[in-house]
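Here's the letter readout for the chains.
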Amino acid sequence: MILAKTIFVITIFVVIFSISNADFLYNVSKVNGLGRTLDGVGGLSGGGCVTRLLQDYGIRSYSEIMDYLFLPGFGASLHILKVEIGGDVQSTDGTEPSHMHTADDENYERGYEWMTMVEAKRRNPNIILYALSWGFPSWVGEGTKSPWTNSTVRYTMNWLLGAKKYYSLDIDYIGIWNERNWDKGYTLTLKAAIAAAGLKTKIVGHDSWWDFCKTLARDPEWSAAVDVIGAHYVGSSIPQECAALNKIQWSSEDMSLGYDTGSLCWARSLNQNYVRANLTATIAWDLLNSFYDGLPWSGVGILRANEPWSGHYQIGRLLWVTAHWGQFTKVGWSFLRHGSGVGLLDNGGSYVSLTDPNGQQLTMIIETMDRDSSQCAHSSTVYYTTTNQTATFQLDNSFSHITQLYVFFTDLNILDVNQAFTYKGIITLNDGKFTLQLPVGVLYTISTINGTKGTYEAPPSQPFPLPYADDFDKYRISSEAAYFSDQTGSWEIVDTATVRGKVMRQMVPETTINWCDEAQYPYSIIGNFTWKQPLNVTVDVMIEKSGTAFVALGVSQGGCGTGSRGIVFSVNTTNKGSWQITESTKLTNPVASDSYSIVAGTWYTLTLVVLQDHSIGYINGNAVGRCELSASSYSGWAAIGSSYDYVQFDNFRLQSPNYIL
C-alpha cells in the first residue's frame, strides 16, 4: 500500500476590496442553526450482476479493490452499501441467485452480496447497509405473477433474519421492488413483521420515480410506514408534493456512467442533490463495473474490475470524486443552512458545508461543473451556465476555533487520473477568510480533516485464458463457478455424492416474477464478447427428469431480452430425445436436427465445434450434425443453457479446435 501525498503549506492572506462580477463573498456559519443530517454517499452492488466477477478475483486484488471502495481515509470511503436481494431474475446485466429458489428451499451461502457486505463492514464498521429486490422467484406469487403476498413478506424477512443469523449483519434499510409498482398492504405487513422480529430496519419507498409522493400525501397510514423516500435519477430536483411530506429523502439510485467519464456528473450531483433538493444521500449505480464488456452499461461503476483471471482493475476519476466526500464527512454530520454555508455559486456551480455533531470539524465541498458536460444518465438538471469566478468564504465566530484547513483538488478538465484528488496543502486562515480561484470544471474539498490518496499497483491486463477447463470440484457447495455469468436462470455448485463429485446445476424450475424481459431458456455466458474465431466447447450434461440442455458459441447478447443470437447445439428428452443446431438461444427454427435417444438421468458429452466456414455438433464424441453457421458470421461468448428444469453440467472445456472435419 502506498500513501501518496506531497505536502506543502499555503498561507493565504486575503484583503477584500469591492465584490465585482467575478468576485463573490459567501458566509459560513452555524449561528442560525443547522440543516439536515447527512445520510451518506453510497454505491449499489446490484441491479444486474454488476459485482459478479469480483468474487472470482484472488485475495490480493479483491482486498485492494475493497479498500479502494470502503476503507475510510484511503479511497472512495463510501458511507452506504446498497445490495440486491437476489431473486433469480435478470436485473440488467445478469441474474443473482435467490436464498429461496422454491418455497421449501432456504440457503444463505448463495451469491456474492453476503461477502461484499461482510468485507465492507470489516473495513468500515459504521457503513450503512441497504437492500432491495429487483424480482422474485415465482412461488412467492402464490399462483399469480404479483409479489404482494404473505409469502413475499416471509421471503423478505427470511433474508433479513438470515443476514443477521449467518453473517451478523444488521440491514439498516430495506426497499420494496425496484422501479416497479408497490402495494400498501405489503408495506404495512412488512413494517409490522420487522418490528415483531425486533429488527431496526427502516423502509425505503419506493425506489422509483417521484410520482408516488402524491399517493403517500393522500394516505397518512401508508406514509407513516415509510421511513425514507428514495427516488431514482432525480436531476437534483424534487417535486413540491414530495418536499411537503417532510420526510428524509434520497437519490437512491443515480449516476449510471463510466468509472472515469461519470466523474463530472457525480461531482455535480453529490453537491446539487442537497443544494437544490435537500436530498441527504446519493447512491451510485453501480458500485463497480465487475461484469463482462459487451453486456449493457459496460464500464459503468465507481471503479472497473472485470478481469479476475489476471487480477487487473482500473481506477478512474469517479472514485476520487467520491473521496472528496467520503474521506471528509461522516453519516450523522449536519449540513449548514442554505445561505450560511450551502448554496449555488453566483457564476454557476455550488458549495456545501458540513460539521460534526460537536461543531468542531468543518468540511466544505465546492464544484463548478458545466451543466451540459455533467449530466447523468436518465436525468437532466435545470438550465444554468458556469463561468470562471473567484469566491471568498468567510467563516464567522461560530468557527473561530478553526485556524487551518486542508485542501484537496480535482480539475476534471484533466483526464489523467493521477492528477485527481491532489493534496494542495494547508490554508492558514486570516480573520476566517479564504479565497479560491474557481475555473469551470473543478472540485475542491476544504476541511479540518486531512485526507489520503491511497494507491496500489494493479496487475497488468490479460485476455481471457484459452484453453480453459473447469470440472467444478474446487468450489464450495452453493457457490457459482468462476467466470460464468448467468443471464437467465441460476447455476450453482452441488455435490452429486457419486464418483462424479461436484457439478454445476441449473436451479430455477419455472419463470420468475421478473423485472424485465427474460430469455425463454436460461443460459450462462463465459469468455469474451468479441470472440470471432474457430472454437471448440465441450460440456457433460445430465437432464434430471425432462427438459433441454445446450452449449453455444458466438453468443452476442446478455441482459434483458428474450434470448441471444449465437450458434447453439441442444439436446432434449421430448419424444425419446433429439438434437438440433439453431442460430439463437430461443432454440427456434433449427438449421439442422434429428432424433437421438436422450434419457433423463443419463450423462451425455456435448461438443460444439465452430470453424471458419461451418459448425459440427457431437454427442459422446460422435458427430451427429453439421451446418453452415460459422465463426466468420458470429461473434460472442461461449455459453451453457437449459430449459426451466433441473439440469446438471460437468467438465466444461473451451479451446481452439484441434481437429477439422
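Because the structure is predicted, anything quoted here is derived from the model rather than measured.

## Remarks on the environment of S643
So, step 1. Mapped onto the fold, S643 is located in the loop between β38 (637-642) and β39 (647-655).
So, step 2. Along the backbone, S643 and L132 are 511 residues apart, and their C-alpha atoms lie at a distance of 28 Å.
So, step 3. Ignoring anything within four residues of it in the chain, the contact list for S643 reads Q506, Y521, P522, G547 and T548.
So, step 4. A polar side-chain atom of S643 sits 2.9 Å from the main-chain amide nitrogen of T548.
So, step 5. A distance of 2.4 Å separates the side chain of S643 from the side chain of D645, its partner in a polar contact.

## Points about the state of the cysteines
So, step 1. Summed over the entire model, instances satisfying the criterion amount to three disulfides.
So, step 2. Disulfide pairing places C213 opposite C242 at an S-S distance of 1.9 Å. Because the sign of the S-S torsion sets the handedness, a value of about 105° for the bond joining C213 and C242 places this disulfide among the right-handed ones. On the criterion of sequence distance, the pair formed by C213 in helix α5 (residues 213-218) and C242 in helix α7 (residues 240-243) is long-range, its members being 29 residues apart.

## Some points on the environment of D416
So, step 1. Considering the arrangement of structural elements, one finds D416 in the loop between β20 (404-411) and β21 (422-428).
So, step 2. Spatially, the C-alpha atoms of D416 and I80 are 27 Å apart, while their sequence positions differ by 336 residues.
So, step 3. Here N418 takes part through its backbone nitrogen, which lies 2.9 Å from a polar atom of the side chain of D416.

## Some thoughts on the sheet that holds strand β34 (residues 592-595)
So, step 1. Pairing in this open sheet of seven strands is antiparallel, and the strands run β26-β29-β38-β31-β32-β33-β34 from one edge to the other. Each having just a single partner strand, β26 (485-488) and β34 make up the two edges of the open sheet. The sheet shows a mean angle of 20° between the axes of neighbouring strands, taken without regard to direction.
So, step 2. Note that strand β32 (residues 565-572) and strand β33 (residues 578-584) share six bridges and pair antiparallel. By the bridge assignment for β33, V571 is matched with W579.

## Points about the domain arrangement of the protein chain
Many descriptions give the size of an interface as the accessible area lost when the pieces come together.
So, step 1. Examined at the domain level, the protein chain breaks down into domain 1 (33-333) and domain 2 (468-659).
So, step 2. Using C-alpha coordinates to define each centre, domain 1 is positioned 32 Å away from domain 2.
So, step 3. The interface is formed by 45 residues belonging to domain 1 together with 36 residues belonging to domain 2.
So, step 4. Together, the buried faces of domain 1 and domain 2 total about 3,000 Å²; carbon and sulfur atoms form 51% of this surface.
So, step 5. Considering only the side of domain 1, the residues that lose the most area to domain 2 are R52, Q90 and Y292, jointly responsible for 22% of the buried surface there.
So, step 6. Across the salt bridge formed by R52 and E480, the nearest N and O atoms sit 3.6 Å from each other.
So, step 7. Scanning the region where domain 1 abuts domain 2 turns up 21 residue pairs in polar contact (both at pLDDT 80 or more).

## Focus: the packing of aromatic side chains
So, step 1. Within the structure shown, the criterion is met by 46 aromatic pairs.
So, step 2. Aromatic ring contacts, followed pair by pair, group Y68, F74, Y313, W320, F328, F408, F421, Y423 and Y456 into a single cluster.
So, step 3. The cationic tip of R500 hangs over the ring face of W603; the distance from NZ or CZ to the ring centre is 3.9 Å.
So, step 4. Against the face of Y634 rests R565, its NZ or CZ located 3.9 Å from the ring centre.

## Some remarks on the layout of surface pockets
So, step 1. Approximately 330 Å³ is the volume found for the largest pocket.
So, step 2. Along the wall of the largest pocket there are 18 residues; nearest its centre are Q55, G111, Y112, M115 and R476.
So, step 3. Those elements that provide at least two residues to the lining of the largest pocket are α1 (59-70) and α2 (113-123).
So, step 4. Tallied by class, the residues present in the lining of the largest pocket amount to 10 nonpolar, four polar and four charged.
So, step 5. Both domain 1 (33-333) and domain 2 (468-659) contribute no fewer than three residues apiece to the lining of the largest pocket.

## Some words on the UniProt feature "domain: Glycosyl hydrolase family 59 C-terminal lectin" (unreviewed entry) in the protein chain
So, step 1. The feature "domain: Glycosyl hydrolase family 59 C-terminal lectin" (unreviewed entry), as annotated in UniProt, sits at residues 486-655 in this numbering.
So, step 2. Spanning residues 486-655, this segment combines 0% helix with 51% strand, and its end C-alpha atoms are found 21 Å apart.

## A few points about helix α9 (residues 317-326)
So, step 1. The buried count for α9 comes to 10 of 10 residues, which makes it a mostly enclosed element.
So, step 2. Along α9, the residues that are buried comprise R317, L318, L319, W320, V321, T322, A323, H324, W325 and G326.

## Some points on the pairing of strand β6 (residues 80-85)
So, step 1. Most of β6 is tucked away, with six of its six residues classed as buried.
So, step 2. As paired elements, strand β5 (residues 40-45) and β6 share four bridges and run parallel to each other. Looking across to β6, one finds that G42 is bridged to I80.

What counts, and at which threshold
- Residues numbered from 1 in each chain as written.
- Predicted model: local features only at pLDDT ≥ 70, side-chain atom pairs only at ≥ 80, totals over all residues.
- Heavy atoms only, no water.
- Helix = DSSP H or I, 4+ residues; strand = E, 2+ residues; numbered from the N terminus.
- Contact = heavy atoms within 4.5 Å.
- Polar contact = N/O pair within 3.5 Å; in protein donor to acceptor, adjacent residues only side chain to side chain.
- Disulfide = S-S within 2.5 Å.
- Pairing = 2+ DSSP bridges.
- Axes fitted to C-alpha atoms, helices over the stretch in contact; angles between N-to-C directions.
- Domains from an automatic or database assignment.
- Buried area = accessible area lost by both parts, 1.4 Å probe.
- Salt bridge = Lys/Arg side-chain N within 4 Å of Asp/Glu carboxyl O.
- Phe/Tyr/Trp six-rings, centres within 6.5 Å; stacked < 30°, edge-to-face > 60°.
- Lys NZ or Arg CZ within 6 Å of the ring centre and 35° of its normal.
- 1 Å grid on protein atoms, 1.4 Å probe; cavity = no way out; pocket = protein on both sides within 12 Å on 5 of 7 lines; lining within 4 Å.
- Points joined across faces, edges and corners; volume = space filled by probe spheres on them.
- Nonpolar A, V, L, I, M, F, W, Y, C, P; charged D, E, K, R; others polar.
- UniProt positions renumbered as here; feature names shortened; annotations may be inferred.
- Buried < 20%, exposed > 50% of the residue type's maximum accessible area, 1.4 Å probe, protein only.

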